Amino acid sequence: MDDRERVQEAEAKGPPETDPRIAGEKHPLARMIGIGVFASLIGIGITLWIDWFPEQGATSANKIDTLYDVLLICSVPVFVLVMTIAIYSVVRFRAKPGDMGDGPPIHGNTRLEVIWVTIPFIMVTALAIYGWITLDDIEAKQPNEMVVNVTGQQFTWTFQYPSEKLDAKELVLPVDRPVEFRIKTKDVIHSFWVPQFRLKSDAVPGLTTKVRVTPDKEGDFEVVCTELCGLGHSTMRQFARVVPADEFDSWIADQKKAASGGATGGGGGGQASGPDAEQIFTSAGCSGCHTLAQAGATAKVGPDLGKLGDVDANFIRTSIVDPNADVTKGYKPNIMPQDFKDKLSKEELDALVKYLLEAQG
Ligand code: CUA
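Conventions used here
- Residues numbered from 1 in each chain as written.
- Predicted model: local features only at pLDDT ≥ 70, side-chain atom pairs only at ≥ 80, totals over all residues.
- Heavy atoms only, no water.
- Pairing = 2+ DSSP bridges.
- Helix = DSSP H or I, 4+ residues; strand = E, 2+ residues; numbered from the N terminus.
- Axes fitted to C-alpha atoms, helices over the stretch in contact; angles between N-to-C directions.
- Buried < 20%, exposed > 50% of the residue type's maximum accessible area, 1.4 Å probe, protein only.
- Phe/Tyr/Trp six-rings, centres within 6.5 Å; stacked < 30°, edge-to-face > 60°.

**Student:** Describe the sheet that holds strand E5 (residues 179-185), with residues and values.
**Tutor:** Pairing between sheet strands relies on hydrogen bonds along the backbone, with the strands arranged either parallel or antiparallel. In spatial order, the strands read E3-E2-E1-E5-E8; together these five strands make up an open sheet with mixed pairing. In this open sheet, the two edge strands, each paired with only one partner strand, are strand E3 (166-168) and strand E8 (209-213). Geometrically, the sheet is characterised by an average inter-axis angle of 25° between neighbouring strands, direction not taken into account. For strand E2 (residues 156-161) and E3, the ladder comprises three bridges, and the chain directions are antiparallel. Note on E3: the bridge partner recorded for Phe-159 is Ala-168.

Written out as structure tokens, the structure reads:
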């Protein structure tokens, strides 16, 4: 008997009342549930045992981690039960070789459908409400909040403390003081993330996004850009330094002294006048891509600016305002942003050119 004959024979008989493939199976549902519950417990155990996040560095971290655990506890059984039923059915109820017949017709199962709509609906709604309550809680306005403006650009972060009228190239925060970050970008989309704070927010052109956080642990935590923003994306990392309140105050005082020292230029040496070129080098984003020993920059997207060889001020100026004019061998055009002629004032550009020229040993 070949396959066609088998099909004809099966069609002649019509579909069976009960499928012979499941006829011999005793309590298949109970077995599937038994296996599913057992596998779910193992799955939940494994996912809770995995250390998903780094240490907690902010007051909201614990709430977020708990939320994450609850999501795992709810979603693992759903996944495991679905997979158990699918795999069990495939293994136990598969057609025997040569069986070409149809199974019995099914016109739905109301009880089953009500169950599989109601339970996920209740679960998803409850989790959404729990997530909303948590979000509302961690985003609540705090007393004594300090605003820090965060600006992303290719390929660096800069920070500004409006209450202190201070621009800074590093992020320093006093421990246990609530902070509101207001995040902007000068060019493309970046994303501001400090894993230990558990906060993350995109920096979107034309928008100011906000996140609140209260760091409650002293230490150096990495600020990471998590939005692919160009060739230097992976180098767009800095540190958030969380320090005791008095250390923060003295840092602010030092920064202000340094800033005003540069501006008044009292009895200083030769480079006292004009803007601080090293500050520009960092805040304009040069250090995000280039190495320059005296600025402490080590990025390798573009050429080492301390080793340009025999160049003059003209070459340096052109390379900044029109980077494609003369691309260093081994590097590609269109990598460096071409809008520095708009971003930098004439004084800043002059200072930067002079600074880079002096940097050539
Ligand atoms: Cu900025 Cu990736």
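Read on for the rest.
**Student:** Before we move on, can you summarise the pairing of strand E1 (residues 146-153) with the specific residues and values?
**Tutor:** Within E1, seven of the eight residues are buried, which leaves the element mostly enclosed by the surrounding structure. Pairing between E1 and E5: seven bridges, direction parallel. Looking at E5, one finds that Asn-149 is bridged to Arg-182. In this structure, the hairpin formed by E1 and E2 is closed by a connection of two residues.

**Student:** Now, about the packing of aromatic side chains: what can you tell me, with residues and values included?
**Tutor:** Under the counting rule described, the total for this entry stands at ten aromatic pairs. Ring geometry for Phe-53 versus Tyr-68: centroids 4.9 Å apart, planes at 70°, classification edge-to-face. On the criterion of sequence distance, the pair formed by Phe-53 in the loop between helix H3 (28-49) and helix H4 (61-92) and Tyr-68 in helix H4 is long-range, its members being 15 residues apart. The exposure class assigned to Phe-53 is partly exposed, which follows from its relative accessible area of 28%. Residue Tyr-68 is classed as partly exposed on the basis of its relative accessible area, which comes to 32%. Between Phe-197 and Phe-221, the ring centres sit 5.9 Å apart and the planes meet at 70°, which makes this aromatic pair edge-to-face.

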